[in-house]
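# Analysis of the macromolecular model
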Amino acid sequence: MKADALVLFGATGDLAKKKLFPALYDLEDLGELDVQIFGVASSKWTQEVFKENVESAVRARKPEVDEAALNKLLGEMQLIVGDYEDPQTFVALAEAIKDFKLPVIYLAIAPEYFAKIAYELDRVGITKRARVVVEKPFGRDLDSARALDAELKTILPEEQIYRIDHYLGKEAVEDLLVFRFANTLFEPVWNRNYVSSIQMTMAENFGIEGRGKFYDGVGATRDVLQNHLLQVLTMLTMEPPIDMTSDAMQNEKIKVLSAIRDINKNDVVRGQFEGYLDEAGVNENSDTETFVAMKMFIDNWRWAGVPIYLRTGKKMPETVLEVIVEFKQPPRALFGKAASNHVRFRLGAKDGVDISLQAKKPGTKLVTESVDLSVEFVAEFGDRQGPYERLLRAAMLGDHFRFTRIDAVLQSWQILEDLLKNPSPVIGYEGGSWGPTEADDLVPGGWTKVGTEADEINKGAH
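Below or above, wherever it landed, is the structure these notes cover. Just so it is clear, the model here is predicted, and its values are computed rather than measured.

### Details of the pairing of strand β7 (residues 195-203)
With respect to burial, β7 is a largely interior element, 8 of its 9 residues being buried. In the sheet, β7 pairs with strand β11 (residues 320-327) via 8 bridges, with the strands oriented antiparallel. Each bridged residue has a counterpart across the sheet, and for Met-200 the counterpart in β11 is Val-323. Here 6 bridges tie β7 to strand β10 (residues 308-313), and the two strands are oriented parallel to one another.

Okay, structure coming up:
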């Protein structure tokens, strides 16, 4: 059943401004929204100021707007001003949405408020008929995630909770499933018999952007690796589900997460960019990592013995999200030493797939050279929908497919539990580099080039 109202807690915050309002406009532009939207925030804005901010947020992200769609969106929006600690805020909300049968409550706020707000929503009778969407992070470790889930479950059953990881709304990430399970060309070789290693890089060319107080209590492992990267890894390595229902998908994901071997502390490198300690809000003796790289193994029949390398960091040379699956060399090198075949998934900007093969180099000798078969999805299909647009639609339709189930969340924390409790010291690295040099030693021969560096190598090969 489709929701008939959307309530945004944190409606004057950064997430709403940068992601949610532009996504709501996109849905409106497609004619798929058609709900009343109630913002809830402590900022003492008038209705006019609120709508002006929504409009400016949309125009900042959408240079060419459809004025009719934008005006319709603004006409459907209303702000409820109130403190989250004040019970009267929720009384006012209950009164505002009393005539709506199925509201979606989106908690775009700090996680410490999740349980408190759920309790207040329940007290005024809203949760009995609502879907509740919570943003990451869901807890900060295994114990806190369990505690938060226990608090929410006293009020909400699992089927009413939607845990957002916006990577699961990305078209390119979802395409990993299609690439693997719709193409029989790859499934026979997608295993330990033919794959030599997997590398995953999620890099950002910027720092913490004034969020020192928040980031210093989180770090790269909690902020990115526990959720985004492990979710991508499950899509890349899971067994085919029995069907494309949410439960079937989640069942296969939890099998992968449960099979990840305890990570050796010597296979983890934590880094901190130079100048981090000078950032506002950062503790002067902070050992919070802004970079982490690690090697892990999935001890199941398909992937046993295949090393998997993950890395993420801030102030890297560029912003990029890529996965590289490298294949083993042929059993005999008939044409001399050649580069291995690999598949490169570009999951960020200019998303697409590159398949690196060997071809004969022109001339009289049988010598090979790497060539790439490349597809850029925007060039093939045109602009595609953004992750928040797709996730908001799914929440309003009651579709859990692109959301995270609690057992997967807890298992992700379990994998990293010892590393978070007993972290290795951080190693300084220069901004604009690929992190501490010690991270290069994790991968025999070093990390495969990604982003524009890989693009330039590929161009040179042609």
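### Considerations on the nonpolar core
In terms of nonpolar packing, the biggest core is built from 108 residues, with Phe-9, Met-294 and Phe-345 touching the most fellow members. It is helix α9 (residues 219-237) that provides the largest number of residues to this core, a total of 9 residues. What Phe-345 contacts, discounting residues up to four positions off in sequence, is Leu-176, Phe-179, Trp-190, Leu-236, Leu-321, Glu-322, Val-323, Val-325, Gly-352 and Val-353. Counting 40 residues, the second-largest nonpolar core is a separate cluster that includes Leu-33, Val-35, Met-77 and Tyr-388.

### Section: the packing of helix α7 (residues 171-181) against α9
Where α7 contacts α9, the two axes come as close as 8 Å, and the packing angle between them is 10 degrees. The angle between α7 and α9 places the two elements in the roughly parallel class. When the axes of α7 and α9 are compared, the crossing they make is right-handed. On the side of α7, the interface is formed by Val-173, Glu-174, Leu-176, Leu-177 and Arg-180, while α9 contributes Val-232, Met-235, Leu-236 and Thr-237.

### Here's the deal with the sheet that holds β7
The strand order across the open sheet formed by 9 strands is β14-β13-β12-β11-β7-β10-β9-β8-β15, and the pairing between neighbours is mixed. Strands with a single pairing partner mark the edges of an open sheet, and in this sheet they are β14 (368-376) and β15 (426-429). Adjacent strand axes in the sheet meet at a mean angle of 20 degrees, parallel and antiparallel pairs treated alike. Of the strand pairs in this sheet, strand β9 (residues 291-296) and β10 are connected by 6 bridges, and their pairing is antiparallel.

### Points about the sheet that holds strand β5 (residues 131-134)
Strand order in the open sheet formed by 6 strands is β3-β2-β1-β4-β5-β6, with parallel pairing between adjacent strands. Among the strands making up the open sheet, the edge pair consists of β3 (77-81) and β6 (161-163). Across the sheet, the mean angle from the axis of one strand to that of its neighbour is 20 degrees, orientation sign disregarded. As judged from the 5 bridges shared by strand β1 (residues 5-9) and strand β2 (residues 36-41), these two strands associate in the parallel manner. Within the sheet, the bridge partner assigned to Leu-8 lies in β2 and is Gly-39.

Reading guide: rules and limits
Residues numbered from 1 in each chain as written. Predicted model: local features only at pLDDT ≥ 70, side-chain atom pairs only at ≥ 80, totals over all residues. Heavy atoms only, no water. Buried < 20%, exposed > 50% of the residue type's maximum accessible area, 1.4 Å probe, protein only. Helix = DSSP H or I, 4+ residues; strand = E, 2+ residues; numbered from the N terminus. Pairing = 2+ DSSP bridges. Core = buried A, V, L, I, M, F, W, Y, C linked by side-chain atoms within 4.5 Å. Contact = heavy atoms within 4.5 Å. Axes fitted to C-alpha atoms, helices over the stretch in contact; angles between N-to-C directions. Parallel < 35°, antiparallel > 145°, perpendicular 65-115°, else oblique. Left-handed = near helix turned anticlockwise from the far one by under 90°.

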